[in-house]
Amino acid sequence: MNQKEINQKNKAIWEANAKVWDESMGEKGNDWHLNLIAPITEELLNLKPQDHLLDIGCGNGIFARRMEGKEIKVTAFDFSEENIKRAKSYGGAIQYAVVDATIEEELNALGSSFDAAVSNMVFMDMPDLAPLFQFLSKTLSEKGTFVFSIQHPAFNSEYVDFKEDAVLVKNYIQSSTSKGIALAEQPQEQFYFHRPISEYSKLASKYGFAIDAIEEPVFNRGDIFSKIPPVIVFRLRKNL
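Values in this document were obtained by computation on a predicted structure and should not be read as measured data.

A.B. asks: Would you explain unusual backbone geometry in this entry?
C.D. replies: Glycine aside, the phi torsion of most residues is negative, and most peptide linkages are trans. The phi torsion at glutamate 71 lies on the positive side, around 65°, for a residue other than glycine. In this fold, glutamate 71 is placed in the loop between helix H3 (62–68) and strand E2 (73–78).

As structure tokens, then:
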């Protein structure tokens, strides 16, 4: 199965899973979003009122709504029509679009100037990141920032086995494609595109970005993810 075929199957999977994910995330997000991802992402973006933010793979719009509530202008997109339909149902003045971030022509239709871009827990669901990085290198403002979060590829992937208070990591360095379930209720398994951290660094460098911050947030609840970070958050700036 080639990349185009994988991407088409990926879209169909997320159309099928959209209802369950919307019900799980709700208007403001689940525990992971509210406690791990959104606060540190907002801090790293460091936006001011009326800045223009591009939300990549926005799902049902949870982070877009959070930013709109802080007087940020938001353009948000997802490749799932059902996700965008559900995002719009929450109201607000966010500009939503159905766009596939792996297709250059669709990305170009979004516009040509953003103060910042964000992608929360999306890249491990995307088969090809190069078109997006190339697009952002052209459209982010001179001092624009790009913040993205992913499952921690070293500590929270298909290559990790949990052993009480430790993890056993196998085959981390090899990029791969697999399928699995993130929510027990979702009707279809989703694709996971595993990449080691170095792959993200190489992409950033190739398209003119410098990584200037990395955060590894943990829970404060006494389980293994209070000791080992389940997600990693990057901030990129144009390497002027």
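What follows continues from the structure just given.
A.B. asks: How do you make sense of the pattern of salt bridges when you look at a structure like this?
C.D. replies: Any two side chains of opposite charge can pair if their charged atoms end up close together. Counted by the stated rule, this structure contains 13 salt bridges. Glutamate 42 is the salt-bridge partner of arginine 66, the closest N and O atoms lying 2.8 Å from each other. Here the residue arginine 66 occupies a position in helix H3, and glutamate 42 occupies one in helix H2 (residues 31–45), the gap between them amounting to 24 residues. The shortest N-O distance in the salt bridge between aspartate 51 and lysine 48 comes to 3.3 Å. Owing to a relative accessible area of 54%, lysine 48 belongs among the exposed residues under this scheme. Salt bridges linked by common partners bring Asp22, Glu82 and Arg86 together as one network.

A.B. asks: Help me understand the pairing of strand E6 (residues 160–163), please; the structure alone is not making it clear to me.
C.D. replies: The side chains of a regular strand alternate between the sheet's two faces. Where E6 and strand E7 (residues 166–169) come together, 4 bridges link them in antiparallel fashion. Pairing of phenylalanine 162 across the sheet is with valine 167, part of E7. In this structure, the hairpin formed by E6 and E7 is closed by a connection of 2 residues, where glutamate 164 is found at a positive phi of approximately 50°.

A.B. asks: Would you explain the side chain of serine 157 in this entry?
C.D. replies: Mapped onto the elements of the fold, serine 157 is located in the loop between strand E5 (140–151) and E6. Polar contacts involving the side chain of serine 157 include one to the main-chain amide nitrogen of tyrosine 159, which spans 3.0 Å. Setting aside residues up to four positions removed in sequence, serine 157 forms contacts with Gln151, His152 and His194.

A.B. asks: Explanation requested: the packing of helix H1 (residues 3–25) against helix H4 (residues 81–88) in the structure shown.
C.D. replies: For any two helices packed against each other, the geometry is given by the interaxial angle and the distance between the axes. Packing of H1 against H4 leaves a shortest axis separation of 8 Å and a crossing angle of 30°. Looking at the two axes, H1 sits roughly parallel to H4. Contacts from Glu15, Ala18, Lys19 and Asp22 of H1 reach H4 at Glu81, Glu82, Asn83 and Arg86. Considering only residue class, the contact of H1 with H4 consists of 1 nonpolar, 1 polar and 6 charged.

A.B. asks: I keep staring at the sheet that holds strand E10 (residues 209–215) and nothing clicks. Help me out?
C.D. replies: Each strand in a sheet pairs with its neighbour through backbone hydrogen bonds, running either in the same direction (parallel) or in the opposite one (antiparallel). Read across the open sheet, the 7 strands follow the order E3-E2-E1-E4-E5-E11-E10; overall the sheet is mixed. Of all strands in the sheet, those bounded by a partner on one side alone are strand E3 (95–98) and E10. Adjacent strand axes in the sheet meet at a mean angle of 20° when their direction is disregarded. Judged from the 5 bridges that link them, strand E1 (residues 52–56) and E2 form a sheet pairing that is parallel. Each residue of the ladder has a partner; that of aspartate 55, found in E2, is alanine 76. Packing of H4 onto the sheet brings it into contact with E2 and E3, and relative to E3 it is tilted by some 165°. Running at roughly 145° to E10, helix H7 (residues 197–206) makes contact with E5, E10 and strand E11 (231–238) of the sheet.

A.B. asks: Would you explain the packing of aromatic side chains in this entry?
C.D. replies: For any pair of aromatic rings, geometry is given as the distance between the ring centres together with the angle between the planes. Overall, the coordinates contain 16 aromatic pairs when judged by the stated rule. When the ring of phenylalanine 123 is compared with that of phenylalanine 148, the centres are 4.9 Å apart and the planes differ by 45°; the resulting orientation is tilted. Within this pair, whereas phenylalanine 123 is found in the loop between strand E4 (114–120) and helix H6 (130–139), its partner phenylalanine 148 is found in strand E5, the two being separated by 25 residues in sequence. Phenylalanine 148 shares its class with phenylalanine 123; the two are buried. On the basis of an interplanar angle of 35° and a centroid distance of 5.7 Å, the ring pair of phenylalanine 148 and tyrosine 200 is categorised as tilted. Highlighted residues: phenylalanine 148 in strand E5 and tyrosine 200 in helix H7, separated in sequence by 52 residues. You'll find phenylalanine 148 and tyrosine 200 in the same group, each marked buried. Grouping aromatic residues by their ring pairs yields a cluster made of Phe123, Phe133, Phe146, Phe148, Tyr200, Phe209 and Phe234.

A.B. asks: What should I look at first to understand the environment of serine 178 in this one?
C.D. replies: Relative to the helices and strands, serine 178 is located in strand E8 (residues 176–180). Residues serine 178 and glutamate 43, spaced 135 residues apart in sequence, show a C-alpha to C-alpha distance of 32 Å. Ignoring sequence-local partners within four residues, the contact set of serine 178 consists of Glu158, Gln190, Phe191 and Tyr192. A polar side-chain atom of serine 178 sits 3.2 Å from a polar atom in the side chain of glutamate 158.

What counts, and where the lines are drawn
- Residues numbered from 1 in each chain as written.
- Predicted model: local features only at pLDDT ≥ 70, side-chain atom pairs only at ≥ 80, totals over all residues.
- Heavy atoms only, no water.
- Helix = DSSP H or I, 4+ residues; strand = E, 2+ residues; numbered from the N terminus.
- Salt bridge = Lys/Arg side-chain N within 4 Å of Asp/Glu carboxyl O.
- Buried < 20%, exposed > 50% of the residue type's maximum accessible area, 1.4 Å probe, protein only.
- Pairing = 2+ DSSP bridges.
- Polar contact = N/O pair within 3.5 Å; in protein donor to acceptor, adjacent residues only side chain to side chain.
- Contact = heavy atoms within 4.5 Å.
- Axes fitted to C-alpha atoms, helices over the stretch in contact; angles between N-to-C directions.
- Parallel < 35°, antiparallel > 145°, perpendicular 65-115°, else oblique.
- Nonpolar A, V, L, I, M, F, W, Y, C, P; charged D, E, K, R; others polar.
- Phe/Tyr/Trp six-rings, centres within 6.5 Å; stacked < 30°, edge-to-face > 60°.

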